[in-house]
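Given next are the chains, with one letter for each unit.
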Amino acid sequence: MSKALDRAVGTTAFGADVAGYAAGRLDYPGEVFAFLSERGGLAPGASILEIGPGTGQATRELLDAGAAHVVAVEPDPELSAHLRQWGEARLKVANMPFGPAVPGDGSFDLIIAATAFHWLEAGPALGDVRRLLKPGGHFAMWWNVFSEPGEDPLFDALFDGLARPPSMLSDQHYSLDADARTADLAAAGLTAIEHVMLERRIAMTPASLRALFATFSAVRQLPQEQREARLGAVEAQALRERGERFERVFQTPLYIAQSPG
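Before going into details, it helps to say that this report is about the structure given with it. (Residues numbered from 1 in each chain as written. Predicted model: local features only at pLDDT ≥ 70, side-chain atom pairs only at ≥ 80, totals over all residues. Heavy atoms only, no water.)

1. Some remarks on the overall build of the chain
So the rule is basically this: A helix here means a DSSP run of H or I that spans at least four residues, while a strand means a run of E at least two residues long, and both kinds are numbered starting from the N terminus. Per-residue accessibility, obtained with a 1.4 Å probe over protein chains only, is compared with the maximum for each type, and a residue is labelled buried under 20%, exposed over 50%, and partly exposed between these values. What makes two residues a contact is simply this: any of their non-hydrogen atoms within 4.5 Å. Working definition of accessibility: Shrake-Rupley area with a 1.4 Å probe, residue cover restricted to the visible protein chains. For the purpose of counting charges, residues Lys and Arg are taken to be positive, whereas Asp and Glu are taken to be negative. His and the chain ends are not included. To locate a charge, take atom NZ for lysine, CZ for arginine, CG for aspartate or CD for glutamate.
When helices and strands are tallied, the chain shows ten helices and seven strands. A principal-axis box enclosing the C-alpha atoms of the chain has dimensions of 55 × 40 × 30 Å. Classification of the 261 residues of the chain by burial places 51% in the buried group. Of all intrachain contacts in the chain linking residues separated by at least 6 positions in sequence, the fraction that spans at least 24 positions is 77%. Approximately 11400 Å² of the chain is accessible, and the part contributed by carbon and sulfur atoms is 50%. Of the charged side chains in the chain, 23 are positive and 33 negative, and the gap between their average positions amounts to 3 Å.

2. Digging into the packing of helix H8 (residues 206-213) against helix H10 (residues 224-242)
We apply this condition: Axis definition: a line fitted to C-alpha atoms, over the contacting stretch in the case of helices. Angles run 0 to 180 degrees between N-to-C directions. Note on convention: near helix rotated counterclockwise from far helix by under a right angle means a left-handed crossing. Clockwise means right-handed. The residue classification treats Ala, Val, Leu, Ile, Met, Phe, Trp, Tyr, Cys and Pro as nonpolar and Asp, Glu, Lys and Arg as charged. All others, Gly included, are polar.
Look at H8 against H10: their axes get within 9 Å of each other, and the N-to-C directions meet at 145°. Of the two possible hands of crossing, H8 and H10 adopt the one that is right-handed. Judged by residue contacts, Pro206, Ala207, Leu209, Arg210 and Phe213 of H8 engage Glu228, Leu231, Gly232, Val234, Glu235, Ala238 and Leu239 from H10. Class assignment for the residues of the contact of H8 with H10 results in eight nonpolar, one polar and three charged.

3. Focus: the packing of aromatic side chains
Just so we agree on the cut-off: Centres within 6.5 Å make a pair out of two Phe, Tyr or Trp rings, where for Trp the six-membered ring is used; the pair is then stacked when the planes are under 30 degrees apart, edge-to-face when over 60, and tilted otherwise. For a Lys NZ or an Arg CZ to count as sitting over a ring, it must be within 6 Å of the ring centre and within 35 degrees of the ring normal.
Applying the stated criterion across every chain, the model contains 14 aromatic pairs. Through a chain of ring-to-ring contacts, the aromatic side chains of Phe146, Phe155, Phe159, Phe213, Phe216 and Phe250 assemble into a single cluster. Above the face of the Trp86 ring, Arg60 is positioned so that its terminal group lies 3.7 Å from the ring centre.

4. A closer look at the sheet that holds strand S6 (residues 191-204)
Counted only if it meets this: Strand pairing requires that DSSP identify at least two bridges connecting the strands.
The strand order S3-S2-S1-S4-S5-S7-S6 describes an open sheet built from seven strands, whose pairing is mixed. Strands at the two margins of the open sheet, each flanked by one partner only, are strand S3 (91-94) and S6. Direction aside, neighbouring strands of the sheet carry axes that sit 20° apart on average. Bridge count for strand S1 (residues 47-51) against strand S4 (residues 108-114) is four bridges, and the pairing is parallel. Following the sheet pairing, Glu50 is matched in S4 by Ile112. In the packing of helix H2 (residues 30-39) onto the sheet, the strands contacted are strand S5 (133-142), S6 and strand S7 (246-258), and the crossing angle to S7 comes to about 20°. Against the sheet, helix H5 (residues 122-132) contacts S1, S4 and S5, and its axis sits at roughly 140° relative to S5.

5. So, the pairing of S5
We apply this condition: Handedness is read with the strands pointing away from the viewer; a crossover is right-handed when the path from the first strand over the helix to the second is clockwise.
When you tally the buried positions in S5, you get seven out of ten residues, the bulk of the element. Note: S4 against S5, six bridges, orientation parallel. By the bridge assignment, Phe108 is partnered in S5 with Leu133. A crossover connection joins S4 to the parallel S5 through H5; in handedness this β-α-β unit is right-handed. Inspection of the sheet shows S5 paired to S7 by five bridges, in the antiparallel sense.

6. So, the environment of Glu121
Within the secondary structure, Glu121 sits in the loop between S4 and H5. Considered as a pair, Glu121 and Pro166 are 45 residues apart in the sequence and their alpha carbons are 9.8 Å apart.

7. Thoughts on helix H7 (residues 178-187)
Selection criterion: The reported arc concerns the directions from the helix axis to the C-beta atoms and nothing else.
When H7 is considered as a whole, its buried residues turn out to be Ala178, Arg181 and Leu185. For H7, the angular spread of the buried residues around the axis is 75°, confining them to a single face. Every exposed residue of H7 that faces more than 90 degrees away from the buried side is listed here: Asp179 and Ala187. Turning to H7, the residues buried within the fold contact H5, S5, S6 and S7. Downstream of H7 by one or two residues, Gly189 has phi in the positive range, about 85°.

8. What to know about H10
Worth spelling out the cut-off: What a helix should span is 1.5 Å times the count of its residues minus one.
With 19 residues, H10 should cover 27 Å at 1.5 Å per step; its first-to-last C-alpha distance of 26 Å lies within 8% of that length. All buried positions along H10 are accounted for by Arg227, Leu231, Val234, Gln237 and Ala238. Taken end-on, H10 shows its buried residues confined to a sector of 120°, consistent with a single buried face. For H10, the exposed residues set more than 90 degrees away from the buried face come down to Glu225 and Arg240.

What is shown is where atoms sit, not what they do.
Next comes the structure, spelled out in structure tokens:
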């Protein structure tokens, strides 16, 4: 069985190459934000907290939707610095882990976690979500799942022998276990729980797949020479098996719940 990455890895792994992370990661489907606008508390004037914003892919969408302010709780100092460089008056960046020390009890209309919540212990983290939400406020978490449904030899080759992040410790991605995720939300006392599965096909090249794979925490932990060799081998495999241009299927499971009251 593969070794598990310590959760603390998530606080520094992604800021090691901010530009590469920003370029390699996929944007989130527009349907996520449309759904949040319709029934998840994303509205002009909303007070929003984001857990683990990374380079701000979801953050920009929140601001564009007219949020009054967004508090971005980001433990990685390099990613925090990147977000502060935006110079956005409505964006406050808190360089700290999400947890009991985050201030603002009962002050947020919406809290989100985009491809980030698996780095936290669900029970305590959802307790803090409830503490911070206004009565009737919403919580949303979603992921871009980077392995294709079914067999995915390219993804398997990349992770062969590597330590696994918290999202990959079972036979399916953390976010795809809908029963477990909805049970976590219910156990925290959140209500009106909804689960939506989005799926899309995205055109890629071996080079763009390599850039995406290079952003993964387990890959970032490798010494540079090993990392480049592994990425190069998977890029060459992609060219052999899929050609110069191909499509990959990406799933985006979305969970929305509401604070009582």
